[in-house]
Amino acid sequence: MGAISHLVDRYIERRFTLKNPPGWFVDYFGGGPTASGARVTHSSAMKYTPFWSCVRIISGTVAMLPFLVYTRLDGGGKDRRTDHPVYQLLHTRPNDYMDALTFIETRQANVLTHGNGYAEIQRDGAGRPVALWPLLPNKTARKVAADGTLFYEIRRDAGESVYLPDYNVLHIKGLGFDGYTGYDVVSYHREALGYGQAVKEYGARFFANGANPGGVLQHPHKLSEPVYQRLKRDWKEQHEGLAHAHRMQILEEGMEWRQAGVDPEKAQALEVQKWTVDDCARIFNIPPHKIGSMEFSKYNNVEQLQLDFVTSTMLYWFRKWEQECNYKLFSSSERKTLFCEILVDGLLRGDMETRYEAYHKGRQGGWLCVDDIRERENMNPLPDGTGKIYLEPLNMTPAGTTPPAPDDDPVRAMFRQWFTVQWRRIIERQVKALAGGANGDFYERQRDHARKLLDDPIQAYVTVTAAQPEKVRSGVDAFLREHIAPSRHLEPDQATLLADRTIQHIGEYRYGQND
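From a predicted model like this one, the values you see are computed outputs, not experimental measurements. (Residues numbered from 1 in each chain as written. Predicted model: local features only at pLDDT ≥ 70, side-chain atom pairs only at ≥ 80, totals over all residues. Heavy atoms only, no water.)

Engineer: Can you walk me through the state of the cysteines in this structure?
Structural biologist: Each disulfide is one covalent bond, formed between the sulfur atoms of two cysteines. Under the counting rule described, the total for this entry stands at zero disulfides. Take Cys280: it sits in no disulfide, and the sulfur closest to it among the cysteines is that of Cys54, at 5.4 Å. Take Cys340: it sits in no disulfide, and the sulfur closest to it among the cysteines is that of Cys325, at 4.9 Å. (Disulfide = S-S within 2.5 Å.)

Engineer: It is not clear to me how the sheet that holds strand 5 (residues 140-144) should be interpreted in this structure. Could you clarify?
Structural biologist: Strand pairing within a sheet occurs via backbone hydrogen bonds; the two strands may be parallel or antiparallel. Reading across the sheet, the three strands line up as 5-6-7 and stay open at both edges, with antiparallel pairing between neighbours. The outermost strands of the open sheet, each flanked by one partner alone, are strand 5 and strand 7 (161-165). Averaged over all neighbouring strand pairs, the angle between strand axes comes to 30°, with direction disregarded. Inspection of the sheet shows strand 5 paired to strand 6 (residues 150-155) by five bridges, in the antiparallel sense. Bridge pairing in strand 6 links Val144 to Leu150. (Pairing = 2+ DSSP bridges. Helix = DSSP H or I, 4+ residues; strand = E, 2+ residues; numbered from the N terminus. Axes fitted to C-alpha atoms, helices over the stretch in contact; angles between N-to-C directions.)

Engineer: I tried to follow the nonpolar core on my own but got confused; where do I start?
Structural biologist: One broad rule of soluble globular proteins: the nonpolar side chains tend to lie buried together. Membership of the largest hydrophobic core comes to 55 residues, with the highest contact counts inside it found for Phe51, Phe284 and Trp321. In terms of residue count, helix 12 (residues 302-329) provides more of this core than any other element does, eight residues in total. Every residue in contact with Phe51, bar those within four places of it in the chain, is listed here: Ala45, Met46, Leu112, Thr113, Val186, Leu193, Cys280 and Phe284. Membership of the second largest hydrophobic core comes to 26 residues, among which are Ile426, Ala450, Leu453 and Ile503. (Core = buried A, V, L, I, M, F, W, Y, C linked by side-chain atoms within 4.5 Å. Buried < 20%, exposed > 50% of the residue type's maximum accessible area, 1.4 Å probe, protein only. Contact = heavy atoms within 4.5 Å.)

Engineer: What is the right way to look at the side chain of Lys328 in this model?
Structural biologist: Among the structural elements, Lys328 can be located in helix 12. Only 3.3 Å separates the side chain of Lys328 from the backbone oxygen of Asp166, close enough to count as a polar contact. Separated by 2.7 Å, the side chains of Lys328 and Glu324 make a polar contact. Once residues within four sequence positions are removed from consideration, Lys328 is found in contact with Ile121, Arg123, Asp166, Tyr167, Val169, Leu170 and His171. (Polar contact = N/O pair within 3.5 Å; in protein donor to acceptor, adjacent residues only side chain to side chain.)

Engineer: Would you explain a nonpolar patch on the surface in this entry?
Structural biologist: A surface patch of nonpolar side chains, amounting to about 250 Å² of accessible area, comprises Val411, Met414 and Val464. Checked against the element boundaries, Val464 lands in helix 17 (residues 442-465). (Patch = residues over 30% accessible without salt bridge, like charges linked within 9 Å, V, L, I, M, F, W, Y side chains within 5 Å. Areas by Shrake-Rupley, 256 points an atom, 1.4 Å probe, with all protein chains shown as cover. Salt bridge = Lys/Arg side-chain N within 4 Å of Asp/Glu carboxyl O.)

Engineer: Explanation requested: the pattern of salt bridges in the structure shown.
Structural biologist: For side chains of opposite charge, pairing can occur when their charged atoms come near one another. This model, assessed by the stated rule, comprises 14 salt bridges. In this structure, Glu341 engages Lys78 in a salt bridge whose closest nitrogen and oxygen atoms are separated by 2.7 Å. Of this pair, Glu341 sits in strand 11 (residues 338-342) while Lys78 sits in strand 2 (residues 78-80), and the two are 263 residues apart along the sequence. Under the relative-accessibility criterion, Glu341 is labelled partly exposed at 24%. Of the charged contacts, one joins Asp500 and Arg416 as a salt bridge, the two residues approaching to 2.6 Å between their closest N and O atoms. Within this pair, whereas Asp500 is found in helix 19 (residues 495-507), its partner Arg416 is found in helix 16 (residues 410-435), the two being separated by 84 residues in sequence. Classification of Asp500 by relative accessible area gives buried; the value is 18%. When its relative accessible area of 29% is taken as the criterion, Arg416 is described as partly exposed.

Structure below.
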């Protein structure tokens, strides 16, 4: 017996220490003991409903979203590459035996329970990935050779091991100390899970007895052993369990039933179950309402909680998958132009109105252009750079600048009023046309209309200020192209500001200033 024990010890110590055994070893011997008395294994943890719910929600969310491949465009933006082999592996089928959703879901579930999710990358003769094959986390380990080379050891059922190079294993890791492997979640949180399982079992046994601890049958005389055993058996058959609760019982020979009150502390222990649900939520950093705990959630803030779930819980896992797949599934030359990305838009659509309102404010305020907004919506930029124009609010000036002084010159004041009237007519026509659905060449026609309305006051002001007509005409054309354009949103109350800018613009071309 001593020789066998010595061999077992040598085998175990070669792979791990008995002070810190791996999850599969603990599971094999019935799970690790906990202070609550419950023995926790990976299998029993998944039978605990809050734990199961957390794993299912996170892994299902990662798996259900489209995993897409893109090419970076020279002018910014990206283009989908549905013809690339990696797209087929991540979006459609990673191998002949399972679809992409099942593959990603099981790998993510492995990460959430064992701390690591593995898959072998099968490559063709040119080194391109052609299939992804799942590996069991309890039989796969990442190791470092003496020369620093990373490799993976896969233990087979027959006892032998297979070794794979690091670049041929897709490895999604959870939180870990060394950066090579993730912590075994069930092992690290064994006490919390054992406590939750113990509370659950306590509640089940409590209700198995009709949610009543029972009472005492009192007989005026001493019962013989056969009579005592028969009475106990008959009472148990007729009254134990929820199905037999509140049945009537006929008592004989002067027997009396004395009810035992429910121990308040034991009844209150059932309230602890909701706190064990929050324990699981804390383990996975998931909002409690996602697993049915609505203690601090209201219907008017569930939408914000959903956004919190995406940003605080899911984005972390999305980045884990994207970074590992980008590094292992593309060659070094491909990584310069190709990348894969999980499309998260579907999880944010519930807050579309808020997003669009924020885009509108950013666009009108001048700190967002059309291409900025399209990028946030996972859309490509507009062609020819037309989406890169930032609006400049006409009723704002840069900080620290002095606003223009009121007109003391009656001639300038007269022209200011004249230009204001003409600009208001131009803007009112534009607003009305856009509300009625203007066609594609509207802005060109609108600029022609503006030139006609502004021609008389411009010629008159050129004469008064001795400006250069040719340069004024060219400058005004550029001014109209800038302000009468799809990227500009004009309102009638901006007419005076446009009049001031027109006068200022003409004044820049007086003889002697821009010769």
